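Fold and contact review
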Amino acid sequence: MRLILNPGREGEQELLLPEGVTTIGRTEESSVCVLHKSLSRRHARLERESSRVVLVDQGSKNGTFVGEQRVERHELHAGQAFRCGEVWFQLVAGDPDADAGLSPLHTRTLDTRFSPAPGELSLDAPRLRVRPEPETDPTRERLQVLLAVAQLLSSPGSLDSLLERILQLVFRVLGVDRAALLLVDEPTGELVPQVARTATGEVLPERFYSQRIVDSVREHGLAALFANAQQDVRLDSSVSIRAQSIHSAMCVPLKSRDTWLGVLYVDNRSHGGLFTETDLEFLTAFANQAAVALDNARLTRRLEEEAVLRNTYLRFFPPAVVRRLHASPGTALEVVETEVTVLFADISDFTPLSSSRGPRDVVDMLNAYFPVMADVVFRHEGTLEKYIGDALMAVWGAPFSREDDADRAVRAAVDMQRELEGLNARLRARGHPELRIHVGLNSGPAAAGNIGSEHYLQYATLGDVTNVASRVCGVAKAGQVVLSEATRARLRESRWPLTTLPPTHVKGKQEALTLHRVEWDVAGG
């Protein structure tokens, strides 16, 4: 009789099932030792007497199953599979000729690490070891582990989850006490700790590692092994080595496509001599896999951030401006003092209009109105700064200025009035009342840029010029476009006649303003 471990999967293992009792569990005393968290220390036993085999559960926590039925004691038949916790076995009939090459003390083509089938890789995959261990090829075994690591690290996820996954794998494949990942901070170029853990999952302080070791690897770009750190002359003056009781340590660079990403540091505090050159080679290969995964995760995050930022840009700026912003990221949105022309457009008699309609109708009207107005602003390459209730504010001259900013703003104001004709036809068809708007413009100095946080784009124009523009809008009547003297003085062309209004006092200004009404509906305008 034979017992198959992990039947039908890569890494399947086979051994001769002897007469008498064979135990299964996680302890060294078990006949079949399987290092998997779902198994109890003494999980189950097989009692063989000739061709009769009885499976007996030994009070395991996660149970012993034949099919879907949990069993305490069950007689097995040749070909029948059973499960201890989450680990599968199968009993098969023996072949006398083949069995001659097997014994309870030897297994056929056993690997000491469990290799799940494709698609079944996880951090919880069991490590299988049948005691006593067979002679294995260490190179082949480490290659299998690296292949598994590559698959595990290639699975999608956030950068933070990837960092945690890398550390979990380090503890899983190497006998280390502590590990840390330090990544290069792109703005400063400094190495910054990202995650630091013990083998038991305890979070460590950022600077538990030897700074001398980390600096050496960073400076030379080469992996470093300190098999006996306490006696290593290279670390003779390192206070942290003694303060942290570091006996063995390794540190390897994280590089991808010649890009320096950081370092991976591991150490052991029990005694020296645990790490060898072979371990360092393995950790270096592991770090190369991790660096590629980190580089890909960073690239993915950068693309996602750019996509979000681009969508945010499109809320404020026309496509031509968005292209310029991408060509000079960051600096173009810094707060600067500049000359701008500010436009306010407001729906006339909106308060009585909204009070006579239901909230949903009002929202539907605004959702039909604002996109039309925004298209006009972008068509004339203005910045759509904000909506304020039923009002719209747009700016010309920021983030990029042109000599004809004032002319563009006036043309946009006239186009807004003209676009209402088509919009009102659509509103009438939906049973909504027609809309009329009044528009005011003002020009002058302002502070413009991203206001608030570098992680949250809120482009704004601040200064008295915006306040006056709002007051000018308040002076305009339905269907009118009114501009200040400051805007009139900046116009480069006289496309429409202007009618100068009587001196007008507005809130916040002691002196009366000189305002001009644009006669945009004059024939030929």
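Residues numbered from 1 in each chain as written. Predicted model: local features only at pLDDT ≥ 70, side-chain atom pairs only at ≥ 80, totals over all residues. Heavy atoms only, no water.

Looking up the protein in an unreviewed UniProt entry gives the name Adenylate cyclase, with the organism given as Myxococcus fulvus.

**Looking at the overall build of the protein**
The secondary structure content of the protein amounts to 12 helices and 26 strands. Burial status across the protein gives 48% buried among its 525 residues. Counting only contacts in the protein whose residues sit at least 6 apart along the sequence, the fraction spanning at least 24 positions is 61%. (Helix = DSSP H or I, 4+ residues; strand = E, 2+ residues; numbered from the N terminus. Buried < 20%, exposed > 50% of the residue type's maximum accessible area, 1.4 Å probe, protein only. Contact = heavy atoms within 4.5 Å.)

**Description of helix α9 (residues 359-379)**
Relative to the 30 Å expected for 21 residues at 1.5 Å per residue, α9 spans 30 Å between its end C-alpha atoms, a close match to the ideal helical length. Those residues of α9 that sit buried are V362, M365, L366, A368, Y369, F370, V372, M373, A374, V376, V377 and F378. Once α9 finishes, E381 follows within two positions and takes phi at roughly 60°, a positive value. (Expected span 1.5 Å × (residues − 1).)

**A word on the nonpolar core**
One finds L343, Y369, L392, M416 and L441 to be the most contacted residues of the largest nonpolar core, which totals 39 residues. Those elements that place two or more of their residues in this core are β19 (336-347), α8 (350-355), α9, β21 (391-396), α10 (405-429), β22 (437-450) and β24 (481-484). Sorting elements by how many residues they give to this core places α9 first, with 12 residues. Among all residues touching L392, those that are not within four sequence positions of it are L343, F344, A345, F370, M373, A374, V377, L384, K386, Y387 and M416. L167, V173, L183 and L280 belong to the second largest nonpolar core, which has 33 residues in total. (Core = buried A, V, L, I, M, F, W, Y, C linked by side-chain atoms within 4.5 Å.)

**Some thoughts on the environment of V176**
Tracing the backbone through its elements, the reader meets V176 in the loop between α3 (159-173) and β14 (178-184). Sequence separation of V176 and A249 is 73 residues, and the distance between their C-alpha atoms is 8.8 Å. Sequence-distant contacts of V176, that is, excluding residues within four places in its chain, are made with V170, F171, A199, V266, D267, N268 and F275.

**A short note on the confidence of the model for the protein**
For the protein, per-residue confidence averages 79 on the pLDDT scale, and 75% of positions sit at 70 or higher. In the predicted structure, residues 101-136 sits below a pLDDT of 50 and forms 89 contacts with residues beyond four places in sequence or in another chain. (pLDDT = per-residue confidence, 0-100.)

**Focus: helix α11 (residues 464-475)**
With 12 residues, α11 ought to run about 16 Å at 1.5 Å a step, and its terminal C-alpha atoms sit 17 Å apart, in line with that. If you check which residues of α11 are buried, you get V465, T466, V468, A469, V472 and C473. Down the axis of α11, the smallest arc covering the buried residues is 160°, so these residues share one side. In the core, the buried residues of α11 are packed alongside β19, β21, β22, β23 (459-462), β24 and β26 (515-518). (Arc of directions from axis to C-beta.)

**Details of the pattern of salt bridges**
Under the criterion given, the structure shown has 24 salt bridges. A salt bridge links D267 to R178; the shortest N-O distance between them is 2.9 Å. With D267 in strand β18 (residues 259-268) and R178 in strand β14, this residue pair connects regions lying 89 residues apart in the sequence. Note on accessibility: D267 and R178 belong to one class, buried. A salt bridge links D404 to R408, with the shortest nitrogen-to-oxygen separation between them at 3.1 Å. Judged by relative accessible area, which is 17%, R408 ranks as buried. Among the charged side chains, a salt-bridge network with shared partners connects E381, R402, D404, R408, R411, E493 and R495. (Salt bridge = Lys/Arg side-chain N within 4 Å of Asp/Glu carboxyl O.)

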